[in-house]
Amino acid sequence: MGQLFAVEIIYRGVFQKTLAKGICRGIVLAAHEEGKPGISFGRYGDSPERNGIPAKSFAIVANDEQTLEAGMAQYEPKQVDVAVVLDDTLCKGAESWGWYGLETVNKTIKPNGTMIVVSLQDPDSLLHTIHAKPQPYKLAVLKGIASFSGMWVYKDDHTDVRVLGAIAKALPELVSLQSIEKFIKDKLKNDLKVTSAHVAYERFSTIEVAPGTGNTEEPFHFDLPGWQALRHGVSVDGVTDRGGAYADPVTGQLGGFRPGRNDKFKKYTTRTMRPVVNFETCTKCTLCWLNCPDASFDVTPDGTYDANLEACCGCGICEAVCPVSNCITMVNESAFQDNASQWEAFRKDKAGYTVWLKTVVVPVGERSHGFRYRGQYKEQIPAALEIAKG
Amino acid sequence: MATLTVPVEEKKKKKVEQEALITGAEAIAIACKLANVDVVTAYPIRPYDTVMQYISQLKADGEMDCEYIVAEGEHSQFEIVKHASVCGARVFCGSSGVGWMYAMEALTVTPALRVPMVAMVGNRALDDPGAFGVEHNDALAVRDLGWNLVWVDSAQEALDTALIAYRVAEDRRMFVPVALSCDGAFLTHSQSLVKIPTQEQVKEFLPPYNRGDLLLHPDNVISVAPQVNEDWVMEIRRQNFQVTERAVSVIREVYADFERIFGRKYGNPFFEEYMTEDADVVLLGMGTMSTPVRVTIRKMREQGLKVGFVRLRWFRPFAGEELAKTLRRFKAVGVIDRDFSFGSPHLSGVVATEVRSALYPGDGAKPPVLGFICGLGGREVTLPDVEKMAEITLEAGKGKSQPLTQWIGLRG
């Protein structure tokens with residue numbers, strides 16, 4: 001039995017589908033240059049066609065056909081040599097679209113394997129959100145923003161070849177830099193991209209992540225029932241809790257309304273951004289609460305609206321409909337460590353919350369994902385290129 | 001002068017096949033381009049929709065010239081190509097799961113009208129529950145209606161079989177549709193290296209579609225599909241029956257010609273045998289489950305367990321006589337059904353029931369045929385699952401009584 005190599009690309013559905021697919025193609029075609037057979041495929045159930053959903057693409061390469069077939073015999077690799085995360089907000093988790101609990105982002109990395117994250121953060125700050133793993137692995141950051149490269153309306157920013165260069169450094173047994181460069185020259189026909197891959201290769205460095213290092217929170221999970229325990233008729237238990245008033249954490253007074261919600265359906269890692277609410281500027285107009293497609297706003301006992309982060313998928317409609325300029329702001333999810341209620345924090349410590357708001361909502365109105373006006377992405381390209389240059 | 005003439009063989013070599021890293025869906029789209037399909041109708045449903053995406057891309061890029069019609073639903077989708085085909089157009093169509101079912105009325109009339117349509121079925125579980133994963137019940141729903149049904153297990157085979165399907169369907173002795181079944185995800189969405197035949201090769205293999213006296217055209221004054229009563233129906237059905245009598249020999253002929261022109265060998269067109277020569281027992285199944293089965297068999301062989309595998313390609317026509325002759329060599333047969341047939345004899349899946357039926361006539365050996373229901377709704381057919389099925393079949397081969405139908409890989 002020869003050697004089998006597996007790489008997974010974890011990405012956001014639709015926006016990064018072409019990018020992820022392109023990277024996997026690059027791996028397989030470059031390895032093919034070295035006489036190694038390979039295949040690439042997407043994790044089907046993830047629904048990569050759906051907006052922002054965490055999804056995975058894989059490249060499997062082997063020394064010989066029989067070993068490759070043994071790798072292909074699995075629905076998807078149970079263990080990978082390299083995992084690439086194309087959006088650092090996915091460090092919180094990369095569960096499939098069915099939300100079968102929370103799948104940690106580093107779940108499939110082999111002991112001493114490598115995780116490469118495209119991010120502006122440094123590895124240590126990423127480790128605050130990445131769940132701890134019992135086995136050691138290596139972590140590397142490829143400096144960059146979450147790229148939409150490959151979507152037809154966005155410019156190419158070389159993220160694809162930079163990742164390929166990094167993979168060649170992380171796992172030279174899989175594919176050499178020379179093969180990557182040859183692939184870029186022959187298939188992508190772009191000499192500047194060859195340089196980008198080369199620079200990424202040269203600058204690539206990892207840190208060792210010791211067992212147990214990282215976010216020690218127990219990931220949300222539940223067990224799938226057997227066929228005899230399932231209800232018949234393709235029916236599931238509904239939410240019987242109709243919801244109701246809840247207590248103010250300071251006065252203990254009951255008020256407001258929090259609807260009952262499905263306790264097995266939490267949208268933690270769907271979000272790339274979350275709404276941050278300034279309760280002092282809120283005019284209680286109800287528009288966020290009315291327009292939220294997921295009914296994720298709780299009416300607080302004092303009549304304001306608190307985005308419940310177990311239910312919020314981070315779509316940003318609340319921000320768009322809020323008539324107050326500095327009340328709801330969508331902020332990059334990587335700025336947060338938990339899903340606790342903002343309103344409770346505000347009630348407990350108004351001054352502290354105001355200070356926190358200022359640190360989080362900077363600069364007001366600048367989105368980290370998605371765009372406010374036509375051409376914004378193009379404007380960001382020079383800055384992204386500067387980052388890439390290091 | 002003779003020295004200046006380039007031999008025909010040399011000429012052929014110059015137009016070499018290109019290799020590309022593509023999905024099974026992309027491979028079929030390229031086959032449609034090479035087959036110079038005239039009319040394509042589309043309506044999205046996973047996993048079939050990747051084919052329509054690739055075809056629309058080929059058309060947008062100016063690589064393929066065809067009418068591309070996005071219908072308002074699968075029923076119209078299949079009706080439009082049916083009519084186009086009667087007017088002499090080479091057509092392509094496809095769907096998945098409940099989309100295929102929604103087209104059912106059009107599907108039922110297509111064989112009787114002698115329409116050589118090629119349709120791709122991206123096998124998908126039938127809703128409810130809504131699921132994308134592979135199950136073979138969608139394509140199998142037309143098994144009794146005069147459609148030819150073929151399953152493939154690689155992108156290369158998908159491309160080649162799409163070309164073969166046109167040749168088979170448009171053979172004047174046939175003129176019936178072919179459904180090319182591809183397992184959702186495993187085949188439709190996986191990229192592997194595929195050899196793309198040259199246009200010259202395809203031209204040689206696939207003559208233009210000639211509908212002859214069945215062409216609906218002002219110069220050929222006919223009327224198609226009038227209302228009839230009991231005075232007519234049985235004779236019409238008998239004509240379709242005649243096609244099924246011919247199908248096996250036509251398909252064999254087409255594969256032989258494919259091998260001659262393209263140089264790729266598929267051996268027996270109807271089923272592929274893997275490590276069966278000295279096998280005590282065999283597993284039998286269709287589609288991409290072949291990968292975990294082959295890997296497991298290699299592992300079991302290392303332990304001295306003589307298991308083989310028979311991968312059925314053509315389910316319609318069902319090469320019953322030939323398959324029976326092969327299966328009688330073994331002590332037991334374990335059929336892996338990626339489908340269900342509730343209430344069937346022995347409550348087995350569709351394929352197991354057909355295999356038992358094929359083995360019944362004659363005085364030859366009748367090995368026990370065990371039915372396994374496995375991998376429904378896209379569930380992975382795991383290596384331990386295959387090993388378990390092989391072990392049960394080996395036990396049956398030793399004469400130990402086993403249940404005729406078992407569910408494998410089920411949460412209890």
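Just so it is clear, the structure is predicted and the values come from calculations on it, not from any experiment. (Residues numbered from 1 in each chain as written. Chains lettered and ligands numbered in written order. Predicted model: local features only at pLDDT ≥ 70, side-chain atom pairs only at ≥ 80, totals over all residues.)

A.B. asks: Which parts of the structure should I look at to understand the packing of helix α5 (residues 177-188) of chain A against helix α6 (residues 191-203) of chain A?
C.D. replies: A pair of packed helices is captured by two measures, namely the crossing angle of their axes and the spacing between those axes. Residue and element names in this part refer to chain A. Axis separation between α5 and α6 bottoms out at 9 Å; the angle between their running directions is 160°. Relative to α6, α5 is oriented roughly antiparallel. Between α5 and α6 the crossing geometry is right-handed. Across the interface between the two elements, Leu177, Ile180, Glu181, Ile184, Lys185 and Leu188 from α5 touch Lys193, Val194, Ala197, His198 and Tyr201 from α6. The residue makeup of the contact of α5 with α6, split by class, is 7 nonpolar, 1 polar and 3 charged. (Axes fitted to C-alpha atoms, helices over the stretch in contact; angles between N-to-C directions. Helix = DSSP H or I, 4+ residues; strand = E, 2+ residues; numbered from the N terminus. Parallel < 35°, antiparallel > 145°, perpendicular 65-115°, else oblique. Left-handed = near helix turned anticlockwise from the far one by under 90°. Contact = placed C-beta atoms within 7 Å. Nonpolar A, V, L, I, M, F, W, Y, C, P; charged D, E, K, R; others polar.)

A.B. asks: Teacher, can you tell me more about unusual backbone geometry here?
C.D. replies: A negative phi holds for most residues other than glycine; trans holds for most peptide bonds. The linkage connecting Asp127 of chain B with the following residue, Asp128 of chain B, adopts the cis geometry, with an omega of -15°. Relative to the helices and strands, Asp128 of chain B is located in the loop between β5 (118-123) and α7 (137-140). Non-glycine residue Val14 of chain A carries a positive phi angle of around 70°. Relative to the helices and strands, Val14 of chain A is located in the loop between β1 (4-12) and α1 (17-33). Judged by the 17 C-beta atoms lying within 10 Å of it, Val14 of chain A falls in the partly exposed class. Even without being a glycine, Asn112 of chain A presents a positive backbone phi close to 70°. (Buried ≥ 20, exposed ≤ 12 C-beta atoms within 10 Å, placed from the backbone.)

A.B. asks: Could you clarify how one ought to interpret the sheet that holds strand β3 (residues 67-70) of chain B in this entry?
C.D. replies: The strands making up a sheet are joined through hydrogen bonds of the backbone, oriented either antiparallel or parallel. Residues and elements named next belong to chain B. Pairing in this open sheet of 7 strands is mixed, and the strands run β3-β2-β4-β5-β7-β6-β12 from one edge to the other. Here the strands that pair on one side only, and so sit at the sheet edges, are β3 and β12 (314-316). Put simply, the sheet's adjacent strands are angled 20° from each other on average, direction ignored. In this sheet, strand β7 (residues 178-183) lies alongside β5 in parallel orientation, the contact comprising 6 bridges. When the bridges of β7 are listed, Gly122 appears paired with Cys182. Together, β5, β6 (148-151) and β7 form the strand contacts of helix α8 (residues 155-169), whose direction differs from that of β7 by roughly 165°. (Pairing = 2+ DSSP bridges.)

A.B. asks: Would you take a moment to explain the domain arrangement of chain A for this structure?
C.D. replies: Interfaces are often sized by the amount of accessible area the parts lose when they come together. Residues and elements named next belong to chain A. Assigned domains of chain A: these are domain 1 (4-209) and domain 2 (244-263 + 273-360). Of note, the centres of domain 1 and domain 2, computed from C-alpha atoms alone, are 35 Å apart. Taken together, the 6 residues of domain 1 in the interface contact 4 residues of domain 2. Of the residues belonging to the side of domain 1 that touches domain 2, the class tally is no nonpolar, 4 polar and 2 charged. (Domains from an automatic or database assignment.)

A.B. asks: How should the domain arrangement of chain B be read in this particular structure?
C.D. replies: Residue and element names in this part refer to chain B. Domain annotation of chain B identifies domain 1 (15-262) and domain 2 (271-408). With centres defined by C-alpha atoms, the gap from domain 1 to domain 2 works out at 28 Å. Facing 25 residues of domain 1, the contacting portion of domain 2 comprises 20 residues. Partitioning the side of domain 1 that touches domain 2 into residue classes produces 15 nonpolar, 6 polar and 4 charged.

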